[in-house]
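Examining the three-dimensional arrangement
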Number of protein chains: 2
Amino acid sequence: MNLILLAAQDLLNDHCAVVRDPRRLRHLREVHRANIGDELTLGLAGGKLGKGRLVRIEDDLAQFEIDSLDQMPPAALPVHLVLALPRPRMLARSLEHVTALGVKHITLLHTRRVEKSYWQSPELKPEKIHQHLVLGLEQARDTLLPEVSLEKHFKPFVEDRLPALLEHRRGLLAHPGMPDACPRGIDEPTLLVIGPEGGFIPYEVERLLEAGCQGIHLGERILRVETAVTALLSRLF
Amino acid sequence: MNLILLAAQDLLNDHCAVVRDPRRLRHLREVHRANIGDELTLGLAGGKLGKGRLVRIEDDLAQFEIDSLDQMPPAALPVHLVLALPRPRMLARSLEHVTALGVKHITLLHTRRVEKSYWQSPELKPEKIHQHLVLGLEQARDTLLPEVSLEKHFKPFVEDRLPALLEHRRGLLAHPGMPDACPRGIDEPTLLVIGPEGGFIPYEVERLLEAGCQGIHLGERILRVETAVTALLSRLF
């Protein structure tokens, strides 16, 4: 937690914020070992960042005096990430990684090699997803929550939604064995599609290429999804 | 496990290998759902890769008939990674990530912000480290185990070992706020130094820069160590 991310309701007024949830209080105590007078980085969800001084800390609340929230959050990556739904623990970590890296649009997609049971995981509940996004923002000192959408069927996504998403974006399909190496240091709006453990099936690869995605690879090594996601984003942008 | 990594003692002769350990047997049964006649990728630790056919599978062994092991493992990254010792669970995952990415030389270093208790973790036992390295190799279809060394004191490492390591390598110190952006797509021999959660202290940064490292950053965002390691390696090479 390199940032205390404040919700609108945490603000009593422009100069005073109160944090009451056990997770943040515990973090303040155990990791920051915060004392009265300490200056910490604060940010308003969806807004700006600045410094605040801890003026009160008790069992069930911490109160901050805010100087001013006048810094912009770090730049977002110009990417819409379409990720085959990973298994629950890897989903949790991947959401934190990509949020920390600056992704703001995430689609979780069903594909043939995604186990159907993953769609029943408690990790997909909105409050659990929110929790992982917040952890990513707090890590990277960012305030803008990514949007996450769920696509439980491959075909309607590719046929009905993908064409519009690709109208103003370069589509990249990351898949082992594709002809082109992953480009480096691009800054154009991009849609990046990443398959599940075990990869896309050939039919899915064909449909994504037909829709206008360019097939790219990261070399001979087969990476775990969470490693591949970070490696791709870091090389691309 | 995209590769069945064979130890020398698993080979009965050039054309026959037997796997007996519960982890690989369980993986063959539960993940590969392997049946007699299936062809799988095999590799000899420290050697080459090829295909083998499963000819026998019982409760306590699986036997393969090997066609030939004649493919080279994927290229290694030209990097010596010096990583401030992460907390145990992050160490485990980081070892898997960097092994899968192709790192062959890893030094785990003590720094001021590394908790001393981490050095007592069971994750640092040679057999546990070996386990994580093997998982990374199996993931990436590689056969060459990385070498891991432990440096429990910062100063003797920087004064006595670092100068020799930097004689034929470009030294890069990844640290937030350093002047240069992380270079992209280099291929020269490199020593990459990455700090702990919370970063290096200023004294440590000074000593590493004095020793000849170039300070680089990944942008404004502060990343968790395991995200930063993958992001740096993927951007650099």
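Residue positions are given per chain, counting from 1 as you read along its sequence in written order. Written order decides the labels, with chains lettered from A and ligands numbered from 1. A pLDDT threshold of at least 70 governs which residues receive local features in this predicted model, and a stricter bar of 80 or more applies before side-chain atom pairs are shown or counted, although totals over entire chains, interfaces and linings include all residues. To obtain the side-chain values, all non-hydrogen atoms of the structure were used and water was disregarded.

Brief notes about the environment of D59 of chain B
Residues and elements named next belong to chain B. Selection criterion: A run of H or I in DSSP counts as a helix once it spans at least four residues, and a run of E counts as a strand once it spans at least two, with each numbered from the N terminus. Contacts between residues were defined by any pair of non-hydrogen atoms, one from each residue, lying within 4.5 Å.
Mapped onto the elements, D59 comes out in the loop between strand 5 (49-58) and strand 6 (61-71). It is 9.4 Å that separates the C-alpha atoms of D59 and R26, two residues lying 33 residues apart in sequence. If near-sequence neighbours (up to four positions away) are discounted, D59 is found in contact with L25 and R29.

Description of the relation of the copies chain A and chain B
Copies of the same chain, two in number, are related to each other by a rotation about an axis and a translation along it. Definition in use: The copies were overlaid with a least-squares fit restricted to C-alpha atoms from residues scoring a pLDDT of at least 70 in each copy.
In the superposition of chain A on chain B (RMSD 0.0 Å, axial shift 0.0 Å), the rotation amounts to 180°. With respect to symmetry, the two chain copies, as superposed, fit the operation of a two-fold axis. Proximity to the rotation axis, assessed at the C-alpha, singles out R235 of chain A in chain A; its C-alpha lies 2.4 Å from the axis. Interface overlap between copies is the fraction of interface residues in one copy that are interface residues in the other; for chain A against chain B it reaches 100%, indicating a shared surface.

Quick word on the pattern of salt bridges
Under the convention used in this document: Within this document, salt bridges are pairs made up of a side-chain nitrogen of Lys or Arg and a carboxyl oxygen of Asp or Glu, the two lying within 4 Å of each other.
Taken as a whole and judged by the stated rule, the model has 30 salt bridges over all chains. Residue R24 of chain B is joined to D10 of chain B by a salt bridge in which the shortest nitrogen-to-oxygen separation is 3.2 Å. Here D10 of chain B lies in the loop between strand 1 (4-6) and strand 2 (11-13) and R24 of chain B lies in helix 1 (residues 22-30), a separation of 14 residues in the sequence. Put simply, R93, R224 and E226 of chain A together with E96 of chain B are held in one network by salt bridges that share partners.

Topic: the domain arrangement of chain A
Residue and element names in this part refer to chain A. Basically, it comes down to this: Bear in mind that the domain bounds are from an automatic or database domain assignment. Residues adjacent in sequence count toward polar contacts only when both atoms are side-chain atoms; beyond that, a polar contact is any pair of N or O atoms within 3.5 Å, and within protein one must be able to donate a hydrogen and the other to accept it.
Along its sequence, chain A is organised into domain 1 (4-71) and domain 2 (79-236). For domain 1 versus domain 2, the distance between C-alpha centres works out to 33 Å. Each partner contributes to the interface: domain 1 provides 11 residues, whereas domain 2 provides eight residues. Here E138 ties to R23 by a salt bridge, and the two come within 2.8 Å at their closest N and O atoms. Linking domain 1 with domain 2 are three residue pairs in polar contact (both at pLDDT 80 or more). Going through the elements one at a time, helix 1 (22-30) and strand 4 (39-44) are the ones with two or more residues in the side of domain 1 that touches domain 2.

What about the sheet that holds strand 13 (residues 214-217) of chain A?
Residues and elements named next belong to chain A. Going by this rule: Strands pair, by our definition, only if DSSP identifies at least two bridges between them. As a rule, the C-alpha atoms of each element are fitted with a line to give its axis, helices using only the stretch in contact, and angles between N-to-C directions run from 0 to 180 degrees.
One open sheet accounts for seven strands, arranged 9-8-7-12-10-13-11; its pairing is parallel. For this open sheet the edge positions go to strand 9 (147-151) and strand 11 (180-181), each flanked by a neighbour on one side alone. Two strands pair when backbone bridges link them, and strand 10 (residues 170-174) and strand 13 are joined in this way by three bridges, in the parallel orientation. Note that in strand 13 the partner of A174 across the bridge is I216. Contacting strand 7 (79-84), strand 8 (105-109), strand 9 and strand 12 (190-194), helix 4 (residues 154-165) runs over the sheet at an angle of about 160° to strand 8.

Here we look at the interface of chain A and chain B
Worth spelling out the cut-off: Once two parts are put together, the accessible area they lose, assessed with a 1.4 Å probe and summed over both, is termed the buried area.
At the junction of the two partners, chain A supplies 30 residues and chain B supplies 30 residues. For the pair chain A and chain B, the two sides together bury roughly 2,700 Å², of which 47% comes from carbon and sulfur. The three residues of chain A that bury the most area against chain B are Q139, R221 and I222 of chain A, which together make up 26% of that side's buried surface. Summed over the shared surface of chain A and chain B, the result is four salt bridges. R221 of chain A is paired through a salt bridge with D142 of chain B; the nearest N and O atoms lie 3.1 Å apart. Taken together, chain A and chain B are joined by 26 residue pairs in polar contact (both at pLDDT 80 or more). The set of elements that each furnish at least two residues to the side of chain A that touches chain B consists of helix 2 (88-101), helix 3 (126-140) and helix 6 (225-236) of chain A.

Some thoughts on helix 1 of chain B
All names here are of chain B. Applied cut-off: When accessible area is computed with a 1.4 Å probe and restricted to protein chains, residues below 20% of their type maximum are described as buried, those above 50% as exposed, and intermediate ones as partly exposed. It is the directions from the helix axis to the C-beta atoms that the arc portrays.
Inspection of helix 1 places R24, L25 and L28 among the buried residues, and these make up the whole buried set. Across the axial projection of helix 1, the buried residues extend over an arc of 100°, all falling on one side. In helix 1, the exposed residues that point more than 90 degrees away from the buried face are P22 and E30. Where helix 1 is buried, its residues touch strand 1, strand 3 (16-19), strand 4 (39-44), strand 5, strand 6 and helix 3 (126-140).

Points about the side chain of R24 of chain B
Residue R24 of chain B is classed as buried on the basis of its relative accessible area of 10%. When sequence neighbours within four positions are dropped, the list of residues in contact with R24 of chain B reads M1, L5, L6, D10, V19 and E138 of chain B.

Here we look at unusual backbone geometry
Residues and elements named next belong to chain A. Positive phi is not limited to glycine here, since R33 has a value of about 45°. Its relative accessible area of 60% is what places R33 among the exposed residues. For R141, which is not a glycine, the phi torsion comes out positive at approximately 55°. Mapped onto the elements of the fold, R141 is located in the loop between helix 3 and strand 9.

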